[in-house]
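# Observations on chain architecture
Each chain is listed here by its residues.
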Amino acid sequence: MILPPIFTVCKASTAVTALLGSNPVRFYPFGTAPQDGETPYAVWQGINGQPINSLSDRPDIEDHSLQIDVYGTTAEETLAVAAAIEYAIETESHITRYSDQGQDQETLKFRISFDVDWFVSR
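Here we summarise the structure given alongside this text.

Definitions and limits used
- Residues numbered from 1 in each chain as written.
- Predicted model: local features only at pLDDT ≥ 70, side-chain atom pairs only at ≥ 80, totals over all residues.
- Heavy atoms only, no water.
- Helix = DSSP H or I, 4+ residues; strand = E, 2+ residues; numbered from the N terminus.
- Rg over C-alpha atoms; globule rule 2.2 N^0.38 Å.
- Buried < 20%, exposed > 50% of the residue type's maximum accessible area, 1.4 Å probe, protein only.
- Areas by Shrake-Rupley, 256 points an atom, 1.4 Å probe, with all protein chains shown as cover.
- Lys, Arg positive; Asp, Glu negative; His and termini not counted.
- Charge placed at Lys NZ, Arg CZ, Asp CG, Glu CD.
- Pairing = 2+ DSSP bridges.
- Axes fitted to C-alpha atoms, helices over the stretch in contact; angles between N-to-C directions.
- Contact = heavy atoms within 4.5 Å.
- Salt bridge = Lys/Arg side-chain N within 4 Å of Asp/Glu carboxyl O.

Okay, the overall build of the protein next. Across its full length, the protein carries three helices and five strands. Here the C-alpha radius of gyration of the protein, 15 Å, is about what a compact globule of 122 residues would show, namely 14 Å. Counting the 122 residues in the protein, one finds 39% classified as buried. Carbon and sulfur atoms form 52% of the exposed surface of the protein, whose accessible area is close to 7,300 Å². Charged side chains of the protein number 7 positive and 17 negative; the gap between the two group centres comes to 6 Å.

What the five strands build is an open sheet, ordered β1-β2-β3-β5-β4; its pairing is mixed. Taken across any chain shown, the strands that pair with only one partner, and hence form the sheet edges, are β1 (27–29) and β4 (94–103). In this sheet, adjacent strand axes meet at a mean angle of 25 degrees when their direction is disregarded. The pairing of strand β3 (residues 61–72) with strand β5 (residues 110–121) spans 12 bridges and is antiparallel. Paired with D69 across the bridge in β5 is S113. Helix α3 (residues 75–89) rests against β1, β2 (41–51), β3, β4 and β5 of the sheet, and its axis sits at about 5 degrees to β5.

Time to look at the pattern of salt bridges. Within the structure shown, the criterion is met by five salt bridges. Among the salt bridges present, the one from R111 reaches D69, with a minimum N-O distance of 2.9 Å. Note that R111 is positioned in strand β5 and D69 in strand β3, a separation of 42 residues in sequence. Looking at R111, the relative accessible area reads 24%, which means it is partly exposed. Under the relative-accessibility criterion, D69 is labelled buried at 4%. Linking R111 and D100 is a salt bridge whose minimum nitrogen-to-oxygen distance equals 3.3 Å.

Taken across its 12 residues, β3 has 10 buried, putting it largely inside the fold. Bridging between β2 and β3 involves 10 bridges; their strand directions are antiparallel. Paired with N48 across the two strands is S65, which belongs to β3.

Okay, structure coming up:
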C-alpha cells in the first residue's frame, strides 16, 4: 500500500501554507492534531481504498478515498482553507463529495468536510 501524497502536495502550495502555516503546516493525519491547537487547521484520513486489480498482472495502481476536514474560527476562514486545499489537490485527485458544514456547539469551531479519490501508482 502506498499512501497518497496529500500532505506533500498541500505543503508545496503557497495558498495552503499562507493559511495553514509552514512550520509546521497545520494539516494533520486524523487523530494527530494538537489539542487546543492554533486555527485554522485541517485533518485527513483514509476512508476506503483498494488496488486496481487485473487478470494479467499485479496491480500497478491503487485507488484511495480520503476525507478532509477543515476547522476554523470563522465560516469565511474555514471556507478559504477548504478552497485552497481543493485547488492544490484537484490536479492530482478527484473531489467526490462535499459533506458536512457547520459549527461545533462545544468548541464553536466551524467545520467543512469533503472527500477525494486519489489514484496512486505503485
